[in-house]
Amino acid sequence: MKMTRGIAAALAVCLTLSPLAAGAVTAEVHDKAVAELRDALRTETAWVRVHAAEALLRNGLPEGVEEVFLPEAETSPPKHRIGVWRVLAQAQQDPAKRERYIGRIRAAFLDLDGPDRLHAAETLGKLGDARRSTALLLAATASDAPLGAYARLILANTGAVEDTEYLAALLGSYDEGVRNTAGYALRFAPRMDERTLARLREAALAEPGDSPARLNLLIAWLAHAGDADWNAIKALLKPYAESSDTSTRYQFGEAMALRGDAEDVPILLRLLADADTDVRISAANALLAIERK
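Values in this document were obtained by computation on a predicted structure and should not be read as measured data. (Residues numbered from 1 in each chain as written. Predicted model: local features only at pLDDT ≥ 70, side-chain atom pairs only at ≥ 80, totals over all residues. Heavy atoms only, no water.)

### Thoughts on the overall build of the protein
- Across its full length, the protein carries 17 helices and zero strands.
- Taking 2.2 N^0.38 as the reference for a compact globule, 293 residues should give roughly 19 Å; the C-alpha atoms of the protein span a radius of gyration of 19 Å, in line with that estimate.
- The principal-axis extent of the C-alpha atoms belonging to the protein is close to 50 × 45 × 30 Å.
- The proportion of buried residues among the 293 residues of the protein is 53%.
- The contacts in the protein between residues at least 6 apart in sequence include a share of 61% that link residues at least 24 apart.
- Total accessible area computed for the protein in this model is approximately 13,300 Å², and 54% of it derives from carbon and sulfur atoms. (Helix = DSSP H or I, 4+ residues; strand = E, 2+ residues; numbered from the N terminus. Rg over C-alpha atoms; globule rule 2.2 N^0.38 Å. Buried < 20%, exposed > 50% of the residue type's maximum accessible area, 1.4 Å probe, protein only. Contact = heavy atoms within 4.5 Å. Areas by Shrake-Rupley, 256 points an atom, 1.4 Å probe, with all protein chains shown as cover.)

Here it is in structure tokens:
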């Protein structure tokens with residue numbers, strides 16, 4: 001019954017939005033999106049350049065990415081080095097070379113007093129690493145800290161239902177920050193059964209509209225929902241594209257890279273002209289992902 005009300009509410013939101021004509025990703029749009037990513041790869045620094053590099057790799061455009069990041073592999077400061085190694089790991093075709101970079105990230109996570117342990121845990125989860133250790137199992141018990149959510153994501157990378165449920169258990173936290181991180185982590189879980197998906201759906205619909213956690217919960221739901229629910233979830237997400245907060249607009253683009261289609265192209269074209277580079281990167285990534293579909 002709750003799902004029915006949630007979908008109905010989503011459709012009501014959809015009806016209040018200004019109608020936009022669907023559009024294809026034309027050759028001109030393709031070229032503009034690629035140019036945006038390559039320009040950011042060339043001129044930006046730190047995490048913005050990491051995001052541009054990952055978008056290029058995800059869309060089968062690896063030329064030049066490894067060459068840009070290789071010089072930084074040994075010299076980047078803590079935290080940013082995790083992003084550099086993350087890009088270089090994804091740029092490898094040889095599994096052994098990929099593992100060398102993942103091994104560096106894993107070592108940073110296993111350094112209990114390390115300066116970038118949280119970044120390392122998040123990255124290992126995103127890269128699909130599932131290697132267990134005593135340190136990982138202990139980190140996963142931290143139910144009141146972001147590290148616990150990312151540690152549970154690493155466990156969930158095995159694809160075992162119970163490990164994903166263990167991560168989803170954090171959705172019941174009274175702490176908004178814990179729910180936020182859990183929602184973000186669940187986006188990357190490789191597998192989710194119907195019971196866990198129902199729990200995620202209910203958490204997303206119950207989260208207050210002004211809560212920062214709501215956006216990540218909706219995106220996680222979108223990532224795992226069946227296609228029959230996509231339009232209703234996207235209706236709930238569309239207002240975030242107009243947010244004054246740049247990270248929110250960026251995350252909207254990331255959501256559309258997961259499940260966007262021709263109906264979402266007009267909004268993404270607006271974001272491709274955004275004043276913020278990171279937002280433009282996410283829009284370019286989404287447009288290229290839609291084109292590949």
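### With respect to the layout of surface pockets
- In this structure, the largest pocket spans a volume of roughly 700 Å³.
- Every residue lining the largest pocket is counted, 27 residues in all, and those nearest its centre are Lys126, Tyr184, Phe188, Tyr250 and Glu254.
- Every element with two or more residues in the lining of the largest pocket is listed here: helix H3 (46–58), helix H7 (117–126), helix H15 (246–259) and helix H17 (277–292).
- By residue number, the principal contributor to the lining of the largest pocket is H15, which donates eight residues. (1 Å grid on protein atoms, 1.4 Å probe; cavity = no way out; pocket = protein on both sides within 12 Å on 5 of 7 lines; lining within 4 Å. Points joined across faces, edges and corners; volume = space filled by probe spheres on them.)

### Observations concerning the side chain of Asp278
- Structurally, the position occupied by Asp278 is in helix H17.
- Among buried Asp, Glu, Lys and Arg side chains, Asp278 stands out as unpaired, with Arg86 the closest opposite charge at 9.4 Å.
- In terms of polar contacts, Asp278 uses its side chain to reach the side chain of His51, at 2.9 Å.
- Excluding anything up to four places from it in sequence, Asp278 contacts Val48, His51 and Tyr250. (Lys, Arg positive; Asp, Glu negative; His and termini not counted. Salt bridge = Lys/Arg side-chain N within 4 Å of Asp/Glu carboxyl O. Polar contact = N/O pair within 3.5 Å; in protein donor to acceptor, adjacent residues only side chain to side chain.)

### Here we look at a negative patch on the surface
- A contiguous patch of negative charge, built from Asp144, Asp175, Glu176 and Asp210, is present on the exposed surface.
- Along the polypeptide, Asp210 turns up in the loop between helix H12 (194–206) and helix H13 (212–224). (Patch = residues over 30% accessible without salt bridge, like charges linked within 9 Å, V, L, I, M, F, W, Y side chains within 5 Å. Charge placed at Lys NZ, Arg CZ, Asp CG, Glu CD.)

### Considering the confidence of the model for the protein
- Averaged over every residue, the pLDDT of the protein is 93; residues scoring 70 or more account for 92%.
- Contacts for the low-pLDDT stretch residues 1–20, under 50 throughout, to residues beyond four places or in other chains number 22 contacts. (pLDDT = per-residue confidence, 0-100.)

### Section: the side chain of Arg179
- Mapped onto the fold, Arg179 is located in helix H11 (residues 176–186).
- Residue class for Arg179 comes out buried when judged on its relative accessible area of 14%.
- In terms of polar contacts, Arg179 uses its side chain to reach the backbone carbonyl oxygen of Tyr174, at 3.4 Å.
- Reaching out from Arg179, the side chain makes a polar contact with the side chain of Glu207 at a distance of 2.8 Å.
- In this structure, Arg179 is in contact with Leu170, Leu171, Ser173, Tyr174, Glu207, Ala213 and Leu217, ignoring residues within four places of it in sequence.

### Notes on the pattern of salt bridges
- The full count for this structure, using the stated rule, is 21 salt bridges.
- In the salt-bridge network here, residues are joined through shared partners; they are Glu54, Arg58, Arg86 and Glu254.

### As for H15
- Taking 1.5 Å per residue, 14 residues should reach 20 Å; H15 reaches 21 Å between its end C-alpha atoms and fits that length.
- Summarising burial for H15: ten of the 14 residues are buried, a large majority.
- Those residues of H15 that sit buried are Thr248, Arg249, Tyr250, Gln251, Phe252, Gly253, Glu254, Ala255, Met256 and Ala257.
- Check the buried side of H15 and you find it contacts H3, H11, H13, helix H14 (227–237), helix H16 (265–271) and H17. (Expected span 1.5 Å × (residues − 1).)

### Regarding the packing of H15 against H17
- It is the contact of H15 with H17, at a shortest axis distance of 8 Å, that shows an interaxial angle of 10°. If you check the angle between H15 and H17, you find them roughly parallel. Two secondary-structure elements touch here, H15 through Thr246, Arg249, Tyr250, Gly253, Glu254, Met256 and Ala257 and H17 through Asp278, Val279, Ser282, Asn285, Ala286, Ala289 and Ile290. (Axes fitted to C-alpha atoms, helices over the stretch in contact; angles between N-to-C directions. Parallel < 35°, antiparallel > 145°, perpendicular 65-115°, else oblique.)

### Remarks on the environment of Asp129
- Within the fold, Asp129 resides in the loop between H7 and helix H8 (134–140).
- Sequence separation between Asp129 and Glu99 is 30 residues; the distance between their C-alpha atoms is 9.8 Å.

### Re unusual backbone geometry
- The residue Ala46 is not glycine, and still its phi comes out positive at about 55°.
- Looking at the element boundaries, Ala46 is found in helix H3.
- Residue class for Ala46 comes out partly exposed when judged on its relative accessible area of 36%.

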